[in-house]
Every structure is written in structure tokens, then in C-alpha cells.
Amino acid sequence: MIFEQIATGGCQSYLIGCSETCAAAVIDPEISQVDRYTALAARSGVRIRYVIDTHTHADHFTATRQLASHLDVPVVMHRASPAPFVDLRVDDGEMVAVGRLRLQVMHTPGHTRDSMCLIAQDRVFTGDTLLIGATGRTDLPTGEAEALHDSLFAHLLKLDPTFLVFPAHEYKGRSHSTLAQEVKENPRLQKVERDAFVEMMRSLNLSMPTHITEALRTNMSGGKTVNQMLAEAAAVVPFMSLVELKTRIEARACDLIILDVRERDAYEAGHIPGARLLPRGQLELRASEDLPDPTKRILAYCEFGRISTLATATLREMGFQRAVALDGGMKAWREGGYPIKAGKEP
């Protein structure tokens, strides 16, 4: 067996493969590690054949769709997954064949309705059903404490106690555990009685994960994250430095249109001298009227440089091929001590 564990903060993902056939799968991939998965596969001499999510994640952004598109391979999830981009929907007791390696599916609802564990030889990938020293929470969308109790005590914990446990999250630097160790030491598994377990899970009072709304939106729909959209925009636009812009303003260069894409109140409170106001929300509707010459050189800026990066990418898509973004935005301009003008006029 070829095996790699990839940690991203508290998120854990895995590359598992068959050394005989050089086929592999990635389990619970995280969006920031896309290049790493392909690099690890190349180093190990395997080809990724499947990308698998053990459940719909609410606390990080899955990379299944991006990897599947890049590698032309199927996305695998339980049949209860709401994600429309799943290619291979599996059910309890079925197997995914990765070369000669078999990943057996165990449906374990509770953390989410579509949660599943994957059994491979001497180990089980538990997703968020069972963590090291804990279990997945049940207070997020489609979570159910009663279902988690059944999944744990009537199914997962009935497996060979020597099985290695590899969860989708681990925040204390531990690589794995065993089912026997979890039964003995995991405080949540000491609540064997159903009612006691359910009461414990309902009284945990945990804080909501960061980016939960965006994570669920993108993981359930296959849409893009804000950071993904920013990265894609930044890859297709050039930038201008603060020093370069200051030099051009002082030289009274007339070949550059400076666009402030913030809202009016921010513009009037203080803007770069000579800048025109064209809020990002009105860009597409007003571009033809306010920017009649597509051959002009245009520099867009906002407060932090993020919205203006998106605006510049939009301008280039609309045909303004000389559009650039200010590196750092108005905040960096202000902190650099560069000139600022208040009021309605450029």
C-alpha cells in the first residue's frame, strides 16, 4: 500500500494507492493542497483515479471538484450527498476499487447525513464520524446525535479493534489512533447508553466553524470560494506599485485613467488625486459610458486591493486589455504617506 497523510492546519487528507497497479485515490482533499496531491502522486509513481469526500464539509473547502476536473477523474461521495458534481455515488457495503486495493464503504450518518467511513486493509478513514479523543459534532446541518450513536456503537466500533483510525481532522498533531484505543480513552465513547450520549452531544455548546456558510455553499454546490475567485483574477491581471503610480501622478502622465472602485462615501473621505469614482457594483453597467476608449490604460484600486483585482479582471474580460490593479490598495497608499485628496472632485 502507498500511503501519505497531508495535514492542513487541523484538516487531514490522505493519498492511498496500490503499489502493484500504481492507482491511487485522494480522501478528503483540501483546496489549498491541490498541487501537493499531484506532486505526491508523481513522487510515489501513482496516478490518482478517484477523489473522495467522506462527507459534506462545513469547516473547510473541499478540493474534490478542482482535482477531478484537473485530472479527469470521478468525484466519489455517499449517495446522500447533496453536491450536484458527484460522479460516483456509493452506498453502505459497496467498494471502490483502486487498482487491487479496495475501499469499503460504511455509511455512518450522524455528523452529517452523508457521512461515510472507508475501510482499507488494516485501517479505517473515519471522516468526522470518529476523531482522536472525540467525535464529529451533530449540531450542524443534517447532523443528528441519535444517528451518530448508532453509527458508532452498532457499526464502526464493531470492526476489528486493531484497525488504525485516520480521521478527517486532528488538532493536536497526532497522526492516528486505533479503535481499541478510542474505545478505552475517548471520553465521548464512554457514554455508551443512547440517551446519555445524545444528551452529551446536545450540550456541547460548540462555536460555529469559521466560514461555515461559504464552506457549505461551495462544498454543496461546486461553486467557487472568494479566495479562489481572487486567485484566478490575480493570475490574469498585472499590478502597478505604489511608487510607480506616485511617479506617474507627479509627472502628470495623461495616459493613465485612475479608477476608485470603492463606494462614494469612502471616495469622498479620501482618494488618490486625479482618481475617478466608479464603484465596483456599477462597473459593468457604466463602463461603456464612462470608459469609451478601450485602448486607454486604466488603473483600478480599492481599500485593500481585493475588489480592485476582481474589477480589473472584469475590465479585461470586457475588452480593456490595458487595465491594471494597484498593488496594496488605498490602505497601503495611505500608510505609505502618499498624497490624498478629499471631496467629490478628482
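Residues numbered from 1 in each chain as written. Predicted model: local features only at pLDDT ≥ 70, side-chain atom pairs only at ≥ 80, totals over all residues. Heavy atoms only, no water.

Q: Any chance you could break down the sheet that holds strand β15 (residues 239–240) for me, citing the residues and the numbers?
A: Taken together, five strands build an open sheet; the order of strands is β15-β19-β18-β16-β17 and the sheet is parallel. Across the chains shown, the open sheet's two edge strands, defined by having one partner strand only, are β15 and β17 (276–277). Strand direction decides the pairing type here: strand β18 (residues 297–301) and strand β19 (residues 323–326), joined by three bridges, are parallel. Note that in β19 the partner of I298 across the bridge is A323. (Pairing = 2+ DSSP bridges. Helix = DSSP H or I, 4+ residues; strand = E, 2+ residues; numbered from the N terminus.)

Q: Help me get a handle on the environment of A332, residues and values and all.
A: Residue placement: A332 occurs in helix α12 (residues 329–335). Taking the relative accessible area as the measure of exposure, A332 reaches 22% and is therefore partly exposed. In sequence terms A332 and F304 are 28 residues apart; their C-alpha atoms lie 7.5 Å from each other. (Buried < 20%, exposed > 50% of the residue type's maximum accessible area, 1.4 Å probe, protein only.)

Q: Quick one: what's the story with the pairing of strand β13 (residues 164–167), residue by residue and with numbers?
A: Where burial is concerned, the two faces of β13 agree: the one with L164 and F166 and the one with V165 and P167 are both buried. Pairing of strand β10 (residues 123–127) with β13 involves four bridges; the strand directions are parallel. Counterpart to R123 in the pairing with β13 is L164. As judged from the two bridges shared by β13 and strand β14 (residues 177–178), these two strands associate in the antiparallel manner. Counterpart to V165 in the pairing with β14 is S177.

Q: Which residues make up the pattern of salt bridges, and what values do they have?
A: All told, the structure shown has 17 salt bridges when counted by the stated rule. Close ionic contact of R262 with E303 constitutes a salt bridge, the shortest N to O distance being 3.1 Å. Pair noted here: R262 is in the loop between β16 (256–260) and α9 (264–269) and E303 is in the loop between β18 and α11 (306–317), with a separation of 41 residues, a long-range link. K331 is paired through a salt bridge with E335; the nearest N and O atoms lie 2.6 Å apart. Here K331 and its partner E335 are both found in helix α12, four residues apart, which amounts to about one turn of the helix. Judged by relative accessible area, which is 32%, K331 ranks as partly exposed. Salt bridges sharing common partners tie together D260, R262, E303 and R334. (Salt bridge = Lys/Arg side-chain N within 4 Å of Asp/Glu carboxyl O.)

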